[in-house]
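Here's the letter readout for the chains.
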Amino acid sequence: MHRTGELYGQFQTLEQQKESSTLGMWIFLVTEVLFFGGMFLTYAINRHEYFTAFGVGSNTLDITLGTVNTIVLIMSSFTMAMAVWSAQTGKKKLVPLFLILTLTLGCVFLGIKFVEYKQKFDHHLVPGRSFDVWYRVNHPTPADDPKAIALEREELEKATVSTNDPDINSHAQLYFSLYFAMTGLHALHMIVGAGLIIWLIRVSLRGRFTPQYNTPVEIVGLYWHFVDIVWIYLFPLLYLIDRHR
Amino acid sequence: MNQTPPSPGFHLPRDHYLNANYGIKSWLLTTDHKRIALLYLISVTFFFFIGGIFATMIRIHLLTPNGALVTPETYNKLFTMHGVAMIFFFLIPSIPAVLGNFLIPPMIGAKDLAFPKINLLSWYIYIIGGCFVLYSFSTGGLDTGWTFYTPLSSIYSNSAVTPAVLGIFINGFSSILTGLNFIVTIHTMRAPGMTWFRLPLFAWAHYATSLVMVLGTPVVAITLLLAGLERMFHLGFFNPAMGGDPILFQHLFWFYSHPAVYIMILPAMGVISEIIPTFARKPIFGYSFIAASSIAIAVIGFFVWAHHMFVTGESTYAALAFSFLSYLVAIPSAVKVFNWTSTLYKGSISWDAPMLYALGFIGLFTIGGLTGLFLACLGLDIHIHDTYFVIAHFHYIMVGGAVMGYVGGLHFWWPKITGRLYPEALSRFAAVILFIGFNLTFFPQFILGYLGMPRRYHSYPPEFQVLNVLSTAGASILALGYLLPMCYLTWSMRYGKVAGPNPWPATGLEWKTDSPPPTENFHVTPVVDWEPYDFLNRPDLGLVAGAPLAPAHGDD
Amino acid sequence: MQSQLPLYPPEASNFAPHVDGLMVYITSICVFFAFAITCVIIYFFFKYHRKAPSAVGFPIHGDARLEAAWIIVPSILALTMFSWGAAVYVDYRHSPPDVLDIYVIGKQWMWKAQQPNGLKEINELHVPVGRNVRLTLASEDVIHDFFVPAFRVKMDVVPGHYNTMWFRPTKPGRYHFFCSQYCGTNHALMGGWVIVMEPTDYAEWLSGSGGAEANPVAAGEKLFADKACATCHLANGTGRAPSLSGVYGAKVLLADGTTVTADDAYIRESILQPNAKIVAGSQPLMPTFQGQLTEEQILALTAYIKSLQSQPVPAKGSGVAASSTGKK
Ligand code: HEA
Ligand code: HEA
Ligand code: CUA
Ligand SMILES: [Cu+2]
């Protein structure tokens, strides 16, 4: 199927093409909702079942990094919206600029996520044989805030009756399995989004997006906002619920 | 015999999609929906063979109570791989990805699907997923059952589960993208005059199917991903020893896999809704009811999943609700069966092969569907759950129904796809063989099931042997029934009689273009100004055989 | 009575006639529809066979009254099937009060049953005719399913859960039972025999097999000491934990204000997930014993707790009478 200018051969008009692409992206996002939905359901059921252990898991997360990341992501949504706006109103120079900003913010998010993951490895919070929710309170590093450690210990002790309790530990492990599955899949979506944005930057540097033809920017924008929204749900579920300090 | 003889002297059109360009690259990189459909045709046939060979080995093994052929481990792998190959890599893609892909654009007057590259991508995803699964089969296979129940699949099985699960996970995206493509195409690419209520019922059925693909598949994808992660990294989502819940896995699995059975049957129902009016030469009875029932099946089908779990210990209230809803979802199927039957009334019925397949479909689907009512009945399911009764139920629907519909559809559109006719007498013979072989294979299994033979048994008490032998005998006839069409359809691609654009004749838009169609489907964009399945006001079909009597009733 | 090619298995429980009745009812409706549709199709097929190559059929587009009829009539029939089936199922899921309790444990690939007096059997299950029998099912590994075709009952055996099923055998004899949930390599071999005996024979069989040695109450008592339960659960209630005397079968008030009946599943949960339901007035102090006890040991502990009925100190070797509720 040959394309004439911006119009692909299977379509009759540009409007038809735009309508199709937008509808296609919306449907894709619906499938994504269900995709994440399966995990959210698993999370919800286990949280209900192992209320305390999930609270313990939640409390070990670094709320500062989480909050910063949320802000970064919201900002990136804003710059993405600006990129779409610039494309629609014909501000050809601004399009790549905003896209680059979005990409940068996306990378910052992934960087911070990486730091968080690394912490989890250091604190023996990665599910597996060496998993140990007690590790951090038993092996605090000089960098750790002693007050926070004390609080965490109190929290853990309240939740657990004796140190040989396999209960809290294995259920906190369930929490971290879900934590990694959910944030990992989210990060994967971010990486795909970043790839799409890099492609958009290349096209927009050639000045190809005009008020008549800007569907790619628009639908990648939709996707990017969706990925942000997933985080907006993940953040409270994983970090905030059961936070006592 | 009684079909309108194609006027002698038809020639294949000079330019069509098959000779548009040549070479392996022109196929592997094509974005033409028709060529992609043929790629799918080859690959799903391959998987059907694989699944069929496993089925044959199952049946031979079950000839004697202690198993004649293989070890228990191997037997368990056989039925697992049979189920996986047949469900995920044959039946789910079969009608949508082959016939749907080929026909939806010409049926609605479009040049192609809305996203041709994504269409090609979904074939590649299918192939990659298929490779993972074949890898798993060839490195020893897997023995979890196609349902992958945890913790057996995630902890206890030591067969090649992980690659198979990943393969099915990947393959899911192929299904999602196909569904997405169909929905968008049907929404935005219809030719002028092709209103929603002029859409062929085949398109309606595919629209409903696509809804299920798009809404259901992601859930099974994530479920299998979680199970795969659980296996690879020893996590505990579904492992009771670590606090997980095996029943949750079943809920998530069936949330997709029940609707998935409608992915398999709805397209076949679409095929039947095309064949019946064409060979009865008469408008389909209750067009809007058939169209609406497709959507109703797709929607209600999402709310019956836990009828696979009546004896897991789920709450009595949940069981009551799911049983009730399962009966509800049977009603739209009933509507279809009755409407097809009524379409025959005062028709002008020909005995061509597609019609034989279609009528065979109605009979076998009805038996399969009606036995679903036994399973949906709470008190009865306590006894027949996980017995051969279930095996017979779903083979009646999936083999007797969906595969019959698929083969019938292949016959019906074969002239459109290849430009040539298949040998008529042989094809009727094959249809009859299939019907007989099928019933002999699977009817005894209903009785076996009620007698209490559990499924997935590599050995069984001797009192079940007679019925098992009957079933195996039937399977050999059945295999012949599949072998025949495979041979003569292949033969006809080269040697068949040239068909002409509309050999039957049929009223759909796809029959208005050449056979085989040109790459862009139509030389000029068609404009639709006729109602679907209207044989009377279509002088172009050459069918004005005397003035018909005034209609007895109806809203003509 | 049964011919060479029977159509249904022997009817040997209270459920069998109901299930067979349902089967006959649904079969007759379905055969009616299948037969009617087939006949109509065949009749039309020949009657309206194309007369001339270019003949067209009658242009009938539909009929609203017919559509209504074939929506309503099947709906009503479906509703009757649903209701009858539901009635049988509800009966099946709610065991009557006076039952003979037998524990059944499934593991790859065998069944262990434990009679009320502690007698253990492997791949066999002896039950008296005419008594309501309740099986409490537990699994050591994967999901299994206990299926007795002659009784028309089955129930999944899910690791981490207790499921129960009940039936009343009505005919002495030997009947197959199967594992009907696929559970791995030897799933097909995981079956055995249910032996239905006259009550007197059953009692004889029970005592004749020396039930006292395998007394689960005794085993449970030993575990109760070995696992240090007794350090907290003092019989007189002065310990850190509530006394367990008389708990079994009683209504327990929980810290969140709700009450539960202390049945097998509750005891099991209290041992494995003590913090899931906290007894009112107690602290969540009890450690979990998840992973430290086998299903059999849990059953023994349960039996022991059950035996702590009225008197604070259990009578040793109290046997059938103390542990099978309701018989007397
Ligand atoms: C294409 C596949 C397909 C289709 C369409 C269906 C359709 C139906 N299925 Fe089936 N089913 C399967 C494939 C399918 N099934 C598979 C694969 C399994 C087993 C999975 C496994 O465990 O491996 C299964 C298992 C299964 C179970 C679980 C059994 C068990 O494990 O215990 C149940 C229980 O309710 C059920 C019910 C139904 C019902 C009520 C329908 C209905 O939609 C049928 C509706 C059709 C009709 C009713 C016929 C037409 C109507 C008339 C002629 C009019 C008369 C009607 C009335 C009087 C109401 N099916
Ligand atoms: C689309 C789905 C589909 C299809 C088409 C089939 C087709 C067939 N199936 Fe199967 N089947 C399933 C889906 C399907 N099945 C599923 C999901 C299960 C459950 C698995 C599980 O429990 O996990 C199952 C289980 C299953 C069992 C139960 C196993 C058990 O529980 O122990 C049996 C037993 O008879 C069986 C038989 C057959 C037979 C004889 C065919 C025949 O129709 C096949 C005929 C086709 C061919 C034979 C190939 C084509 C012919 C040739 C190429 C000719 C030359 C070849 C030879 C002569 C060998 N199937
Ligand atoms: Cu145990 Cu099957
Ligand atoms: Cu189902």
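The structure this text deals with has already been given above.
Below or above, wherever it landed, is the structure these notes cover. Bear in mind that the values here come from a model prediction, so they are computed numbers and not experimental data.

All names here are of chain B. Looking at the iron atom of ligand 2, one finds its protein donor set to be His-82 (NE2) and His-395 (NE2), positioned 2.0 Å from the metal centre. Taken together, the six donor atoms coordinating the iron atom of ligand 2 and their angles of 87 to 180° define a geometry best described as octahedral. Residue His-82 is found in helix α3 (residues 72–108), and its partner His-395 is found in helix α13 (residues 388–418); the two are separated by 313 residues along the sequence. Here His-82 matches His-395 in class, with each residue buried.

This part is about the coordination of the iron atom of ligand 1. Residues and elements named next belong to chain B. Just one protein ligand coordinates the iron atom of ligand 1, and it is His-393 (NE2) at 2.2 Å. The copper ion (ligand 4) is placed at 4.5 Å from the iron atom of ligand 1. Secondary-structure assignment places His-393 in helix α13.

The next point concerns the site of ligand 2. Residues and elements named next belong to chain B. With respect to spatial proximity, 33 residues lie near ligand 2, and among them Arg-59, Tyr-75, His-82, His-395 and Arg-456 are the closest. Within the contact set of ligand 2, an oxygen atom lies 2.5 Å away from a side-chain nitrogen or oxygen of Tyr-75. One of the side-chain nitrogen or oxygen atoms of Tyr-388 is found 3.3 Å away from an oxygen atom of ligand 2. Looking at the shell around ligand 2, the elements with two or more residues in it are α2 (33–61), α3, α13, α14 (424–451) and α15 (465–495). Grouping the amino acids of the shell around ligand 2 by side-chain chemistry returns 23 nonpolar, seven polar and three charged.

Okay, the interface of chain B and chain A next. Listed by partner, the interface residues are 37 residues for chain B and 34 residues for chain A. For the chain B and chain A pair, buried surface summed over both sides reaches about 2900 Å², with 73% attributable to carbon and sulfur atoms. Among the residues of chain B in contact with chain A, Thr-188, Ile-222 and Phe-237 of chain B are the three that bury the most area, contributing 17% of the side total. Where chain B packs against chain A, one counts zero salt bridges. One can count three residue pairs in polar contact (both at pLDDT 80 or more) joining chain B with chain A. At the level of elements, α4 (116–138), α6 (161–188), α7 (201–233) and α8 (246–280) of chain B are the ones that each hand at least two residues to the side of chain B that touches chain A. Among the residues making up the side of chain B that touches chain A, the classes are represented as 24 nonpolar, nine polar and four charged.

Sheet faces and side chains relate simply in a regular strand, where the side chains alternate between the two faces. Residues and elements named next belong to chain C. Bridge count for strand β6 (residues 144–148) against strand β9 (residues 173–179) is two bridges, and the pairing is antiparallel. Residue pairing in the sheet places Phe-147 in a bridge with Phe-178 of β9. Bridge count for β9 against strand β10 (residues 192–197) is five bridges, and the pairing is antiparallel. Looking across to β10, one finds that His-176 is bridged to Trp-193.

So, on to the sheet that holds strand β2 (residues 110–114) of chain C. Residue and element names in this part refer to chain C. Reading across the sheet, the five strands line up as β3-β2-β1-β5-β8 and stay open at both edges, with mixed pairing between neighbours. Of all the strands in the sheet, just β3 (120–122) and β8 (163–167) have a single pairing partner and so form its edges. Pairwise comparison of adjacent strand axes, ignoring direction, gives a mean angle of 25° for this sheet. Relative to β8, strand β5 (residues 133–139) runs antiparallel, the two being bridged by five bridges. Residue pairing in the sheet places Val-133 in a bridge with Phe-167 of β8.

Definitions and limits used
- Residues numbered from 1 in each chain as written.
- Chains lettered and ligands numbered in written order.
- Predicted model: local features only at pLDDT ≥ 70, side-chain atom pairs only at ≥ 80, totals over all residues.
- Heavy atoms only, no water.
- Donors = N, O, S within 2.8 Å, 3.2 Å for Na, K, Ca; no water.
- Tetrahedral: all angles 85-135°; square planar, octahedral: opposite > 155°, others 65-115°.
- Helix = DSSP H or I, 4+ residues; strand = E, 2+ residues; numbered from the N terminus.
- Buried < 20%, exposed > 50% of the residue type's maximum accessible area, 1.4 Å probe, protein only.
- Near = heavy atom within 4 Å.
- Polar contact = N/O pair within 3.5 Å; in protein donor to acceptor, adjacent residues only side chain to side chain.
- Nonpolar A, V, L, I, M, F, W, Y, C, P; charged D, E, K, R; others polar.
- Contact = heavy atoms within 4.5 Å.
- Buried area = accessible area lost by both parts, 1.4 Å probe.
- Salt bridge = Lys/Arg side-chain N within 4 Å of Asp/Glu carboxyl O.
- Pairing = 2+ DSSP bridges.
- Axes fitted to C-alpha atoms, helices over the stretch in contact; angles between N-to-C directions.

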